[in-house]
Amino acid sequence: MRNEPISLFHDAAASARDLPLTDSVALQRLIAEVRQCDASGIADTTLYNRTYHRHNR
Amino acid sequence: MTKPEDDARQLDTVLLKVASRCNLDCSYCYVYHMGDSAWRDQPKQMSDAVLDAVARRLADQYALQAAPFSVVLHGGEPLLLGAAKLERFCARLRDALPHPCGIHIQTNGALLGDPVIDVLVRYDVGISVSIDGPQRVHDRFRVGHRGKGSYSRVRAGIENVTARADARPLLAGVLAVIDPESDPAEVYAALKALGAPGLDILPRDGNWDTLPFGKSAPGTTEYGQWLEGFLDSYLSDPEPPRVRLLDDMLRLVLGGRSIKEGVGTTDYGILVIEPDGTVDKNDTLKVAGAGEDRFGERWSVLTDSFDQILDSPAFADYYRQQRPSAAACHACPDLGICGGGMVAHRWSQTRGYDNPTIFCADQRHLIAKMRQLAEAALPHAA
């Protein structure tokens with residue numbers, strides 16, 4: 001049984017190695033998707049089901 | 001799939017436990033090694049009669065709710081059915097649930113040979129394989145009943161799928177359970193090399209009373225740091241596959257929507273059907289304690305409709321439980337991303353589920369990194 005208070009982390013200080021990641025293919029892909037597709041339903045259940053089920057353990 | 005304010009409850013994902021036993025004996029398995037022995041009371045496999053009732057009930061529910069849902073053949077190891085029985089099950093399910101309903105299988109991959117792959121192709125069954133990374137990492141925990149690592153068999157199974165042009169599109173992804181003592185860059189490279197279009201990663205199960213493997217205290221960030229390393233590998237990759245957990249969290253950070261349980265604040269209608277036809281809650285609740293995945297009332301597909309179950313107060317309670325109740329969560333600026341994590345990971349004996357996830361510190365560590373990257377990346381976006 002544990003009742004310790006939860007410590008919350010706020011260590012978001014940037015490191016130099018982070019900078020190139022901002023141009024990353026994966027991140028830019030997601031930015032484009034959110035901008036272009038989210039409003040038209042990229043989270044659509046059918047689309048998602050077709051590719052990867054929601055619960056996998 | 002509904003937002004919290006929406007009272008409409010629909011089936012979203014059905015886990016069909018077609019086999020209660022497994023050909024592997026992974027030491028961390030939440031089914032067999034987390035203190036719940038309910039699997040011993042189940043038949044080894046679902047019968048054709050129960051499957052027939054499942055198909056009829058699901059077809060009725062599909063007609064009622066109109067929205068498509070996903071059925072996942074699960075276990076134990078679902079491929080223990082063998083090719084002939086698998087064919088009967090898939091044929092019956094596909095007949096009851098035409099496209100766009102999804103039929104999937106979550107398998108350990110060791111039995112993925114041509115006869116079962118033929119069946120999966122015939123009925124358009126999406127395949128997800130559990131594999132933890134390179135052989136040394138995988139074989140540490142994913143072992144057979146005599147303790148021997150399963151990597152070679154699993155990898156061969158995946159290669160049997162990817163070698164076939166007709167089966168390759170069915171491989172939705174590979175799923176790894178995190179060993180926080182492993183090198184995340186090495187795990188990323190090994191998973192990507194398998195050739196699946198998507199990867200997913202899961203933390204080891206645990207709660208506030210039984211800490212997850214490798215986590216030394218609730219406030220430490222072993223998993224957060226491992227995930228940060230995995231994120232670095234992913235974002236540095238010039239030809240990245242999809243990484244479902246990270247994509248989902250990043251989408252939310254960027255102002256989009258999530259599509260996976262345990263992330264964000266969208267609710268999902270997930271039910272489990274046991275081999276004897278009993279209907280249970282999300283089986284991951286076993287992590288909180290024996291029987292935590294059971295409804296107070298014992299429903300069965302043999303006697304009860306899904307409409308009746310979805311409309312019950314017990315289901316409403318279970319559905320609401322997805323939203324975290326802890327005051328710390330409601331005051332947290334990251335709630336919209338983390339969503340309180342998996343319900344099972346919030347458990348403590350003294351407070352029930354009224355806690356943040358045991359991975360709270362890890363989640364906040366990772367989200368802080370994602371927010372920082374997103375803020376820097378948005379000006380670069382085309």
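Predicted model, so just to flag it, every value in this text is computed and none were measured.

Conventions and cut-offs
Residues numbered from 1 in each chain as written. Chains lettered and ligands numbered in written order. Predicted model: local features only at pLDDT ≥ 70, side-chain atom pairs only at ≥ 80, totals over all residues. Helix = DSSP H or I, 4+ residues; strand = E, 2+ residues; numbered from the N terminus. Buried ≥ 20, exposed ≤ 12 C-beta atoms within 10 Å, placed from the backbone. Expected span 1.5 Å × (residues − 1). Arc of directions from axis to C-beta. Contact = placed C-beta atoms within 7 Å. pLDDT = per-residue confidence, 0-100. Pairing = 2+ DSSP bridges. Right-handed = clockwise from strand over helix to strand, strands pointing away. Core = buried A, V, L, I, M, F, W, Y, C linked by C-beta atoms within 7 Å.

What follows deals with the overall build of chain A. The helix and strand inventory of chain A stands at two helices and zero strands. Counting across all 57 residues of chain A, residues that qualify as buried make up 23%.

Let us look at helix 2 (residues 83–96) of chain B. Helical periodicity: at 3.6 residues per turn, an α-helix aligns residues three or four positions apart in one direction. Residues and elements named next belong to chain B. Its 14 residues give helix 2 an end-to-end C-alpha distance of 20 Å, which sits within 8% of 20 Å, the value for a rise of 1.5 Å per residue. Within the sequence span of helix 2, burial applies to L86, F89, C90, L93 and A96. Angularly, the buried residues of helix 2 cover 130° about the axis, an arc narrow enough to put them on a single face. Looking at helix 2, the residues exposed on the side facing more than 90 degrees away from the buried face are A84 and D95.

Residues and elements named next belong to chain B. Mapped onto the fold, A328 is located in helix 11 (residues 327–330). Note on A328: 16 C-beta atoms within 10 Å, which makes it partly exposed. Sequence-wise, A328 and D354 are 26 residues apart; in three dimensions their C-alpha atoms are separated by 9.7 Å.

All right, on to helix 1 (residues 25–36) of chain A then. Along its 12 residues, helix 1 of chain A runs 16 Å from first to last C-alpha, staying within 8% of the 16 Å computed at 1.5 Å per residue. Those residues of helix 1 of chain A that sit buried are A:A26, A:L27, A:L30, A:I31 and A:V34. For helix 1 of chain A, the angular spread of the buried residues around the axis is 135°, confining them to a single face. Exposed and facing more than 90 degrees away from the buried side of helix 1 of chain A are A:A32 and A:Q36. For helix 1 of chain A, the elements touching its buried residues are helix 7 (222–236), helix 8 (244–253) and helix 13 (360–377) of chain B.

Residue-level pLDDT values for chain A average 58, and 30% of them are 70 or greater. Counted against residues more than four places away or in other chains, residues 42–50 of chain A, with its pLDDT under 50, gives 18 contacts.

Our focus in this paragraph is the pairing of strand 4 (residues 125–130) of chain B. Successive side chains on a regular strand alternate, one facing one side of the sheet and the next facing the other. All names here are of chain B. Of all six residues in strand 4, six are buried; the element is thus mostly enclosed. The side-chain alternation of strand 4 yields two buried faces, one formed by V125, I127 and V129 and the other by G126, S128 and S130. Sheet analysis places strand 3 (residues 102–107) next to strand 4, joined by five bridges and oriented parallel. Bridging across to strand 4, I103 finds its partner in V125. Handedness of the β-α-β unit built from strand 3, helix 3 (residues 114–122) and strand 4 comes out right-handed.

Residues and elements named next belong to chain B. Sheet topology note: the strand 5 (residues 171–177)/strand 6 (residues 198–202) ladder contains four bridges and is parallel. Across the sheet, residue L175 finds its bridge partner in strand 6, namely D200. In the sheet, strand 6 pairs with strand 7 (residues 242–243) via two bridges, with the strands oriented parallel. Its bridge partner being in strand 7, L199 is matched across the sheet by V243.

Residue and element names in this part refer to chain B. As for its position among the elements, P43 is in the loop between strand 1 (13–17) and helix 1 (48–65). Classification of P43 by C-beta neighbours within 10 Å gives partly exposed; the count is 14. The residues touching P43, leaving out its near neighbours within four places in the chain, are S20, P275 and D276.

Our next topic: the sheet that holds strand 7 of chain B. Residue and element names in this part refer to chain B. The strand order across the open sheet built from 10 strands is 7-6-5-4-3-2-1-8-9-10, with neighbouring strands paired in mixed fashion. Two strands in the sheet have a free side with no partner beyond their single neighbour: strand 7 and strand 10 (299–300). Bridge analysis of strand 9 (residues 278–280) against strand 10 gives two bridges, and the strand direction is antiparallel. The residue bridging V279 from the neighbouring strand is W299, located in strand 10.

This part takes up the nonpolar core. Residue and element names in this part refer to chain B. V14, L16, V174, A176, M249 and V253 are the most contacted members of the largest nonpolar core, which totals 118 residues. The dominant element in this core, judged by the number of residues it contributes, is helix 13, at eight residues. Sequence-distant contacts of V253, defined by excluding residues within four places in its chain, comprise I337, I367, M370, R371 and A374.

It is worth spelling out the environment of B:K369 at this point. Tracing the chain through its elements places B:K369 in helix 13. Between the alpha carbons of B:K369 and B:Q65 there is a distance of 40 Å; along the sequence they are 304 residues apart.

Quick look at the confidence of the model for chain B now. Chain-level pLDDT for chain B is 93 on average; 97% of the residues reach the 70-or-more range. For residues 1–6 of chain B, every residue scores under 50 in pLDDT, and the model assigns this stretch 10 contacts once sequence neighbours within four places are set aside.

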